[in-house]
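Commentary on secondary and tertiary structure
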Amino acid sequence: MLFQQIRSTPTGAYSYLLGDAEQRAALAIDPVDENLDVLLALVGDLGLDLRFILLTHVHPGTGRCAAALRGRTGAGIVASAACGLLAVQRPVEHGEHLVFGDEVIHVIATPGHTQCSVCYRWRDRLFTGDTLLAGSCGDTASPGADAGRLFDSVTGRLFVLPPQTLVFPAFDAQGRTVSTIAEEKATNPLFSGRTRDAFVTQMAELPAASPPCAPRRQFAGRR
């Protein structure tokens, strides 16, 4: 098993590289411009064959880095079929899986932050994009976002996973690199002890989101 978490210093964005140590097959999750050279260097140094580039969500104007990485490696871009992007080689639906070497990664549709948000579950790890951050979550101010659907996605599809599942987000929220499902269920102030209606009301009261190409905005909630 090969696993690397790569942090972008300017924005706090996280990208991930997963691989099969025996067959050297690999995939990347949520590459960003600032991490591209590091990611490519790791692929080369480790002798990996990058098969897939997985996107947890897409905003207007994003996806350039994934396209650049595909151009350098030939890897296919993977995103939710709900995104409707022509440049995606492998549109995926909830419940599908991808195979790289002897490794398998599973697709969990989690609409809300965007209409095409997905999370990916691999072994004991969950890559949540901006759907669920450590102690927070992404905003619901972008076109197509829906706070009620976000609450349903997190509570109905993520919080039902084994409590020891490791949560790896796409953004550094409050200096955290990893969390667990158990911790988020118990302590995330946006979800713990909150009803769906209360969550929707709170998200509507939060400040407007940053522009799509700016660093992601995350919310810590109020007690």
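Rules used throughout
Residues numbered from 1 in each chain as written. Predicted model: local features only at pLDDT ≥ 70, side-chain atom pairs only at ≥ 80, totals over all residues. Heavy atoms only, no water. Helix = DSSP H or I, 4+ residues; strand = E, 2+ residues; numbered from the N terminus. Pairing = 2+ DSSP bridges. Axes fitted to C-alpha atoms, helices over the stretch in contact; angles between N-to-C directions. Contact = heavy atoms within 4.5 Å. Parallel < 35°, antiparallel > 145°, perpendicular 65-115°, else oblique. Left-handed = near helix turned anticlockwise from the far one by under 90°. Nonpolar A, V, L, I, M, F, W, Y, C, P; charged D, E, K, R; others polar. Buried < 20%, exposed > 50% of the residue type's maximum accessible area, 1.4 Å probe, protein only. Arc of directions from axis to C-beta. Disulfide = S-S within 2.5 Å. pLDDT = per-residue confidence, 0-100.

**With respect to unusual backbone geometry**
- Phi is positive for D30, close to 50 degrees, though the residue is something other than glycine.
- Take D30: it is sitting in the loop between β3 (25–29) and α1 (36–45).
- Despite not being glycine, R123 has its phi angle at roughly 55 degrees, a positive value.
- With respect to the element layout, R123 can be found in the loop between β9 (118–122) and β10 (125–129).

**Some remarks on the sheet that holds strand β4 (residues 49–54)**
- One open sheet holds the six strands; their spatial order is β1-β2-β3-β4-β5-β6, and the pairing between them is mixed. The open sheet terminates on both sides in strands that have one partner only, identified here as β1 (2–7) and β6 (90–92). Across this sheet, the average inter-strand angle for adjacent strands is 20 degrees, counted without regard to direction.
- Set on the sheet, α1 makes contact with β1, β2 (14–19), β3 and β4; between it and β1 the angle comes to about 160 degrees.
- Packed onto the sheet, helix α2 (residues 64–73) meets β3, β4 and β5 (76–80) and runs at close to 165 degrees relative to β4.

**Details of the packing of helix α3 (residues 147–158) against helix α5 (residues 196–205)**
- The contact between α3 and α5 brings their axes to 9 Å, and the two run at 130 degrees. With respect to α5, the element α3 is oriented oblique. Note that α3 runs across α5; the crossing there is right-handed. Judged by residue contacts, A147, G148, R149, L150, F151 and D152 of α3 engage R196, F199, V200 and M203 from α5.
- Residue composition of the contact of α3 with α5, grouped by class: six nonpolar, one polar and three charged.

**Comments concerning the environment of L85**
- Within the secondary structure, L85 is located in the loop between β5 and β6.
- Judged by relative accessible area, L85 falls into the partly exposed class, the value being 38%.
- Taking the C-alpha atoms as reference points, L85 and G144, separated by 59 residues in sequence, lie 15 Å from one another.

**Thoughts on α5**
- Looking only at α5, the buried set comprises F199, Q202 and M203. In an axial view of α5, the angular spread of the buried residues amounts to 100 degrees, which keeps them on one side of the axis. Residues of α5 that are exposed and angled more than 90 degrees away from the buried face: D197 and A204.

**Observations regarding the pairing of strand β7 (residues 97–100)**
- Residue alternation in β7 divides its side chains into a buried set, L98 and F100, and an unburied set, H97 and V99.
- The pairing of β7 with strand β8 (residues 103–109) spans four bridges and is classified as antiparallel. The partner of V99 across the bridge, within β8, is V104.

**Here we look at the sheet that holds β9**
- An order of β7-β8-β9-β10-β12-β13 is seen for the six strands of this open sheet, with the pairing classed as mixed. Both edges of this open sheet fall to β7 and β13 (179–180), since each of them pairs with a single strand only.
- Bridging between β8 and β9 involves four bridges; their strand directions are antiparallel. Along β9, the bridge assignment pairs V107 with Y120.
- Sitting on the sheet, α3 is in contact with β8, β9 and β10, with an inclination near 140 degrees to β8.

**Looking at the state of the cysteines**
- With the rule as written, the count across this model stands at one disulfide.
- Covalently, C83 is tied to C116 through a disulfide, its sulfur atoms 2.2 Å apart. Across the disulfide from C83 to C116, rotation about the S-S bond amounts to roughly 90 degrees, and the bridge is consequently right-handed. Pair noted here: C83 is in the loop between β5 and β6 and C116 is in the loop between β8 and β9, with a separation of 33 residues, a long-range link.
- C119 takes part in no disulfide bond, and the closest cysteine sulfur, belonging to C137, lies 12 Å away.

**Considering the confidence of the model for the protein chain**
- Averaged over all residues, the pLDDT of the protein chain is 90; the fraction at 70 or higher stands at 91%.
- A low-confidence stretch, residues 209–223 stays under pLDDT 50, and its non-local contacts, those more than four residues away or across chains, total 50 contacts.

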